[in-house]
Amino acid sequence: MAAPPPPSPDPQFVLRGTQSAVHALHFHSGAQGQGCPLLFSGSQNGLVHIWSLQTRRVLTTLDNHGGQCVTWLQTLPQGHQLLSQGQDLRLCLWDLTEGRNAVVDFVHLESMGFCRGSTLAMGQQRWTLAVPGKGTDEVQILEMPSKTSVCTLKPEADAKPGMPMCLELWQADSSSRPLLLVGYEDGSVALWDISQRKVCSRVACHTEPVMSLDFDSQKTRGVSGSAEKALAVWSLDEQQALQVCRTHEITNPGIADVKIRPDHRILATAGWDHRIRVFHWRTMKPLAVLAFHSAAIHCVAFANDGLLAAGSKDQRISVWSLYTQT
Amino acid sequence: MEPAAVAAAVRLAVQEAVRTLRSSEDGGTVLSALGRLQRFLGGTDAPALPDEQQEFARLHLATVLRCLVSRLSPAWLELLPAGQLEELWASFFLKGPADQAFLVLMESIEATEGPSFRLMKVAELLARFLGAGRLTAVLEGQCRQPQEPAFPLFQETLLARLVGLPDLLGNQLQRENLTIFLPQNYFPLLAKETARALGTVVDSLRGGSDCSVSFVSQVLGKACVQRRHKEVLGVLVPQLTVLTEGSCLWQRVCWRLLEQVPDRATEAVLTGLVEAVPGPEVLSRLLGNLVVKNKKAQFVMTRKLLFLQYRHKTQELRSLLGYLALDSQRRPMLVQVLKELLETWGSSSAIRHTPLEQQCYVSKAVLLGLGLLDEVELRASREELLASLMAGVSCRLDSSLPAARRLGMVVAEVASARIQPEGPPLKFQYQDDELSRELLALATPQPVGDSPSRTSLQAASAPAETPEKGALGDGAPQTQPQGSDSEPDSDDEFVPYDMSGDKELKSSKAPTYVRDCLEALSACEDWERWEAALRALEALVLRSPAATREVSVELTRALLHLEERTSVVGFDGLRQRALVAVTVTDPAPVAEYLTSQFYTLNYSLRQRMDILDVLTLAAQELSRPGRLRKAPQPSSPGPPSWPDNAPAPAWRAVVEERIRGKTRRFSRGSARSIPAGDPNSFSAVAGYFFFPLIQRFDRPLVTFDLLGDDHLVLGRLAHTLGALMYLAVNTGAAVAMGKALLEFVWALRFHSDAYVRQGLLTAVSAVLLSMPAQRLLEDLPDELLEVRSWLAGSESCSAGSRAVAQWIKCTWCKAQGLVRILV
């Protein structure tokens, strides 16, 4: 008990050169011949950089958002395709096979917000996409790659939850019905059943807008961060009712992004206070406060091997290796 | 046989035996004479007739016993072998009528001078007498209805001897005294014997014969008057408590016992009784309706213990008021007492002139009494009670003593909730302390008649409950952690990293120049910058004195007018420290500005008091020796402003250790140099601080009237002036300051507010401490005499606590010492 805690760790390496605030990060492992993990970063000036984690240099730069901020990056499970969402109201689908970097398709968005989209693979080639819809409080569900609009999820008239702020599509192992978690502007998190187009459950987690959420489908437990000084952990029971398990106080307000590591053991948050916070996912015990950046952090991402990356307004991307040996 | 003949026969026999005893030196003759006398005491083989025995006891026993004592000597005792004679001799005292034996023993002890063989023998016999429980017999003898009217002088003597025994023995035996005669042993014994005697009385009452307990009452009264109530009642009350439970006869005897206590002892007995009983029910059982019957008892119980004294504990108050509440005949008295208590509590004169301890005492009594009233009684006298209560609350809230204010708030909250439960509750903000918690605890109405057996039952049942609670408490957290079911616990080996750097983030940068601070503080809408400027200011001022001097007065103005518009932690401390730093850096102009602002319009009392505080603190800092060499430390604990301060000592220690390891020293002396003397920086500027403050206190403004309502500020002013005077010790201005200050004190010496008077006392003490004695004597002889007489007067009427009285006394002694030199 008497042993003092180990000193706060340093980043494994830092990626510089985006020339602009970093707003989106995404790891992609084994794209080209299993060996070379990649990191995609999207920045304020509309560029998407593809970093090699071996050489720690930029491999390619993608530019198709007209100088507008790139807010979301996601690779598709099928392989070498990348989705990038920008503030120019476009969602581009890139083909990256064998060094290509061409836009093969794009979806026109109708919402100006910072709400990121979400994807869910439905079959070999088909996948579902959730993006903010035309009305301020709507979410649009698209069938891809055909871009067929499946439905629009609009809350009931008296609910008034405000704009959707973050989306998370998922599917329980036992059923084939896709579900969507939406964090709203009024601080509530709602669970939508897409096939029935209705809200299964909605719970008020925060008093400020929900900025980000992540969901662990194994434990049916999720976490959300907001503009306030607390993280909320909520769970979903068999009746598909959400309930808040606990809230965890943090020192400074504002959580821009929250991610659970793919092995469901730790989670990381991106704080407006320039700090990354790492928690034990099961117990929510604080494990580390990483103070490296000098400006607000916009996004965090985990690789499958446990590597953690954080992108900040100070134009740097820090990459950390925490609790990976076990 | 004719009575006359019996008398003659007995007289003849006794006279002959006594003559033999007086003269004979022969063992056999003495033995036979004693044997003849012993027949009259009974208990031998051939006892005398009962008539003869009575005659002997009535008339001759004392003579015989005196004669026996007078013969006592080592030679006489050895007339017969093996202590036979001594045993026989003692038996006359132990077996005969106890009262006479006791009196003769006491008499002979009193008459014997100095330690001697006879004295020791008699004292030992007395110890045997007490040990054999003969005191019971003495008391019983007086309780039994005598065949002939009691001889008052005899009873009086017996009473004095019974109660005065420890004193007499102590005086006579000096260091040879036996333990049984020590008061702490004797009085419990007396109490035990009293209880036994009362037992006999009860038995004989059951048997149908008359008895009187008035003698026992007198013994009890006299012992209590001699302040032995703790020893006597400490033993007697528990016994009576047990005996009176469930026995009407015992209760009657007990009531009678206390009724017959002489008037002059009533107070002592009742006070002792209230202290000794465990609770109101016992008190009620022992006392009965004494307060209704006896005027003196009523006075003691309803006035003296409540209004004239305040040393009793809360438990005693509870017993007393509970006793009044327990009987329907006494309840009107309780209501009356409560009204009077509240009246006293609310009287502004009482608040000003009684010590705080007494006010607390009355407050406790009020709360206890309110707890005892029932709804009907409360409703009947609600208006009256509320009026007194509110008067007291408003007077106390006006008081400048914080303790009095708090007392007012607590009592107001509790009492108003009780008097008017349906109204909106009163709520004050005050800090909890021991007293307030105690008062709040008194408010909960206790079930009347909380007998000790019931409390012991509760006590016994309490521990039985706690384990259950503990088990519940343990069980609850086990359900808390979620997802712990099937999870492997390997994650627990994740060791947290150091998170001590996780502090609140301040986004704006602190200003680097004093002028920037001034700008940020005076006209700034950026609150983070404002706060950062406030936090940085003190350090900046101290770091750059030259830059500060350029803007010192402006900076002071800005700080003085600063309002806490956002809730900054430690705002008052930051502002005050910054002001002090500015004043210290540029004393003369800033002090001039501050003192002039003290007497202008448009300041709040708070700001004026801030000015006084800042002046005191700055003067203290200026007069601190060695302040120029040492960097000033932040004095009061504010929020830690530099988080990187903490690791510094660690590396410094490492570096110093390394240097020490590589340095060889040739001589071992103390490394520290003796602090060099410094000029007192306050000396040059003391006048700027002091004189403008003292000049204008008697000129009222529209918003500020020191001699009127604002006596709190006046008190602070007096304290500040005293502090400035004290800090100006050994400076040139001290004499002039002292003179002015004594005039100030003279003008205000009969102020009605206790806090102001305390301030004046500070000022006088400071003058006496700071001014050189010679200057005092030469320049201010008249003032000194006046101060002395004021102190002498105020010592007697110090309405504050004892500490203040003590303080006055010390100051007076100092003044007196000086005056003595003068005269």
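In what follows, the structure referred to is the one given above.
Keep in mind it's a predicted model, so treat the numbers as computed, not measured.

## A word on the overall build of chain B
Step number 1: Regarding its fold elements, chain B presents 40 helices and zero strands.
Step number 2: By residue count, 45% of the 823 residues in chain B fall in the buried class.
Step number 3: For chain B, the share of sequence-separated contacts (at least 6 apart) that also reach a separation of at least 24 residues comes to 74%.
Step number 4: For chain B, the accessible surface area stands at approximately 42100 Å², while carbon and sulfur atoms represent 54% of it.

## A few points about empty space enclosed by the protein
Summary: where empty space remains is shown by rolling a probe the size of a single water molecule over the atoms.
Residues and elements named next belong to chain B.
Step number 1: On inspection of all chains with the given rule, the structure shows eight cavities of 30 Å³ or more.
Step number 2: In this structure, the second largest cavity encloses a volume near 50 Å³.
Step number 3: Elements with a contribution of two residues or more to the lining of the second largest cavity: α10 (183–206), α11 (214–225) and α12 (229–244).
Step number 4: For the lining of the second largest cavity, the per-class residue count stands at seven nonpolar, one polar and no charged.

## What about the sheet that holds strand β10 (residues 118–121) of chain A?
Strands pair in a sheet through their backbones, by hydrogen bonds, and they do so in one of two ways: parallel or antiparallel.
Residue and element names in this part refer to chain A.
Step number 1: Spatially, four strands are ordered β10-β11-β12-β13 in an open sheet, and the strand pairing comes out antiparallel. Each of the sheet's edge strands pairs with one partner strand only, and the pair in question is β10 and β13 (148–153). In this sheet, adjacent strand axes meet at a mean angle of 20 degrees when their direction is disregarded.
Step number 2: The pairing of strand β11 (residues 127–132) with strand β12 (residues 139–144) spans six bridges and is antiparallel. What sits directly across from W127, in β12, is M144.

## Points about the nonpolar core
Residue and element names in this part refer to chain B.
Step number 1: F102, L126, F129, L162 and M301 are the most contacted members of the largest nonpolar core, which has 147 residues in total.
Step number 2: Here this core gets ten residues from one element, more than from any other, and that element is α10.
Step number 3: Leaving out residues up to four positions away in the same chain, M301 has contacts with L270, V274, L283, L287, V291, L306, L320 and Y323.
Step number 4: Of all hydrophobic cores here, the second largest spans 91 residues; its members include V514, L612, F689 and L706.

## Structural notes on the packing of aromatic side chains
All names here are of chain B.
Step number 1: Scanning the entire structure with this criterion turns up 15 aromatic pairs over all chains.
Step number 2: On the basis of an interplanar angle of 20 degrees and a centroid distance of 5.1 Å, the ring pair of F40 and F56 is categorised as stacked. Residue F40 is found in helix α2 (residues 27–41), and its partner F56 is found in helix α3 (residues 50–71); the two are separated by 16 residues along the sequence. Each member of the pair F40 and F56 is classed as buried.
Step number 3: With a centroid separation of 4.7 Å and an interplanar angle of 80 degrees, the aromatic rings of F697 and F744 are classed as edge-to-face.

## What about the sheet that holds strand β22 (residues 255–260) of chain A?
Residue and element names in this part refer to chain A.
Step number 1: Reading across from one edge, β22-β23-β24-β25 is the order of the four strands in this open sheet, with antiparallel pairing throughout. The two strands at the open ends of the sheet, each matched to only one other strand, are β22 and β25 (286–291). In this sheet, adjacent strand axes meet at a mean angle of 15 degrees when their direction is disregarded.
Step number 2: With five bridges connecting them, strand β24 (residues 275–280) and β25 associate as antiparallel partners. Paired with F279 across the two strands is P286, which belongs to β25.

## Let's talk about unusual backbone geometry
Step number 1: Residues M144(A) and P145(A) are joined by a peptide bond in cis, for which omega reads 0 degrees.
Step number 2: Along the chain, P145(A) falls in the loop between β12 and β13.
Step number 3: Look at H264(A): it is not a glycine, yet its phi comes out positive at around 55 degrees.
Step number 4: Looking at the secondary structure, you find H264(A) in the loop between β22 and β23 (266–271).
Step number 5: Judged by relative accessible area, H264(A) falls into the buried class, the value being 17%.
Step number 6: Backbone geometry places R227(B), a non-glycine residue, at a positive phi of 60 degrees.
Step number 7: The topology assignment puts R227(B) in the loop between α11 and α12.

## As for the pattern of salt bridges
Step number 1: Counting across every chain of the model gives 45 salt bridges over all chains.
Step number 2: One salt bridge in this structure joins E340(B) and R303(B), with 2.7 Å as the shortest N-O distance. Taken as a pair, E340(B) in helix α19 (residues 331–346) and R303(B) in helix α17 (residues 295–308) lie far apart in primary sequence, 37 residues in all.
Step number 3: One salt-bridge network, in which partners are shared between bridges, spans R116(A), D257(A) and K259(A).

## A short note on helix α5 (residues 84–95) of chain B
Residue and element names in this part refer to chain B.
Step number 1: With twelve residues, α5 should reach 16 Å at 1.5 Å per residue; the first-to-last C-alpha distance of 16 Å fits that figure.
Step number 2: Among the residues of α5, those classed as buried are L85, L88, W89, A90, S91, F92, F93 and L94.
Step number 3: Looking at the buried positions of α5, the neighbouring elements they touch are α2, α3, α4 (74–77), α6 (98–111), α7 (117–131) and α8 (134–143).

## Here we look at the state of the cysteines
Residues and elements named next belong to chain A.
Step number 1: For the coordinates displayed, the defined rule picks out zero disulfides over all chains.
Step number 2: Here C69 is not cross-linked by a disulfide; its sulfur's nearest cysteine counterpart is in C299, at 9.5 Å.
Step number 3: Under the relative-accessibility criterion, C69 is labelled buried at 4%.
Step number 4: Not engaged in a disulfide, the cysteine C205 finds its nearest cysteine sulfur in C245; these two sulfurs lie 9.6 Å apart.

## With respect to the interface of chain B and chain A
Step number 1: Contacts between chain B and chain A engage 21 residues on the former and 29 residues on the latter.
Step number 2: Remark: the boundary between chain B and chain A carries three residue pairs in polar contact (both at pLDDT 80 or more).

## So, the pairing of strand β19 (residues 221–226) of chain A
All names here are of chain A.
Step number 1: With six of six residues buried, β19 lies mostly within the body of the structure.
Step number 2: Judged from the six bridges that link them, strand β18 (residues 210–216) and β19 form a sheet pairing that is antiparallel. Bridge pairing in β19 places F215 opposite G222.
Step number 3: Hairpin connection between β18 and β19: a loop of four residues separates the two successive antiparallel strands, and T220 in this loop has a positive phi of roughly 45 degrees.
Step number 4: Here β19 runs beside strand β20 (residues 230–236); their pairing, made up of five bridges, is antiparallel. Residue pairing in the sheet places S224 in a bridge with A232 of β20.
Step number 5: Connecting β19 to the next strand, β20, in antiparallel fashion are three residues.

## Here's the deal with the packing of helix α32 (residues 605–622) of chain B against helix α35 (residues 711–727) of chain B
Residues and elements named next belong to chain B.
Step number 1: At a closest axis distance of 9 Å, the pairing of α32 and α35 adopts a crossing angle of 10 degrees. Looking at the two axes, α32 sits roughly parallel to α35. Residues L605, R606, M609, L612, D613, L615, T616, A619 and Q620 of α32 form the contact with α35, whose participating residues are L712, V713, R716, L717, T720, A723, L724 and L727.

## A few points about the side chain of H26(A)
Residue and element names in this part refer to chain A.
Step number 1: Following the sequence through the fold, H26 ends up in strand β2 (residues 22–32).
Step number 2: Residue class for H26 comes out buried when judged on its relative accessible area of 15%.
Step number 3: Side-chain polar atoms of H26 contact the side chain of T75, separated by 2.9 Å.
Step number 4: With sequence-adjacent residues up to four places away left out, H26 is seen in contact with L38, L39, F40, L73, Q74, T75 and A301.

## Observations regarding helix α23 (residues 382–398) of chain B
All names here are of chain B.
Step number 1: With 17 residues, α23 extends 24 Å between its outermost C-alpha atoms, agreeing within 8% with the 24 Å of an ideal straight helix rising 1.5 Å per residue.
Step number 2: Among the residues of α23, R382, L385, L386, S388, L389, G392, V393 and R396 are the ones counted as buried. Taken down its axis, α23 places every buried residue within 165 degrees of arc, on the same side. In α23, the exposed positions angled more than 90 degrees off the buried face are occupied by E383, A387 and D398.
Step number 3: For α23, the secondary structure elements touched by its buried residues are α19, α20 (348–353), α21 (356–372), α22 (375–380) and α24 (402–419).

The rules we used
Residues numbered from 1 in each chain as written. Chains lettered and ligands numbered in written order. Predicted model: local features only at pLDDT ≥ 70, side-chain atom pairs only at ≥ 80, totals over all residues. Heavy atoms only, no water. Helix = DSSP H or I, 4+ residues; strand = E, 2+ residues; numbered from the N terminus. Buried < 20%, exposed > 50% of the residue type's maximum accessible area, 1.4 Å probe, protein only. Contact = heavy atoms within 4.5 Å. Areas by Shrake-Rupley, 256 points an atom, 1.4 Å probe, with all protein chains shown as cover. 1 Å grid on protein atoms, 1.4 Å probe; cavity = no way out; pocket = protein on both sides within 12 Å on 5 of 7 lines; lining within 4 Å. Points joined across faces, edges and corners; volume = space filled by probe spheres on them. Nonpolar A, V, L, I, M, F, W, Y, C, P; charged D, E, K, R; others polar. Pairing = 2+ DSSP bridges. Axes fitted to C-alpha atoms, helices over the stretch in contact; angles between N-to-C directions. Core = buried A, V, L, I, M, F, W, Y, C linked by side-chain atoms within 4.5 Å. Phe/Tyr/Trp six-rings, centres within 6.5 Å; stacked < 30°, edge-to-face > 60°. Salt bridge = Lys/Arg side-chain N within 4 Å of Asp/Glu carboxyl O. Expected span 1.5 Å × (residues − 1). Disulfide = S-S within 2.5 Å. Polar contact = N/O pair within 3.5 Å; in protein donor to acceptor, adjacent residues only side chain to side chain. Parallel < 35°, antiparallel > 145°, perpendicular 65-115°, else oblique. Arc of directions from axis to C-beta.

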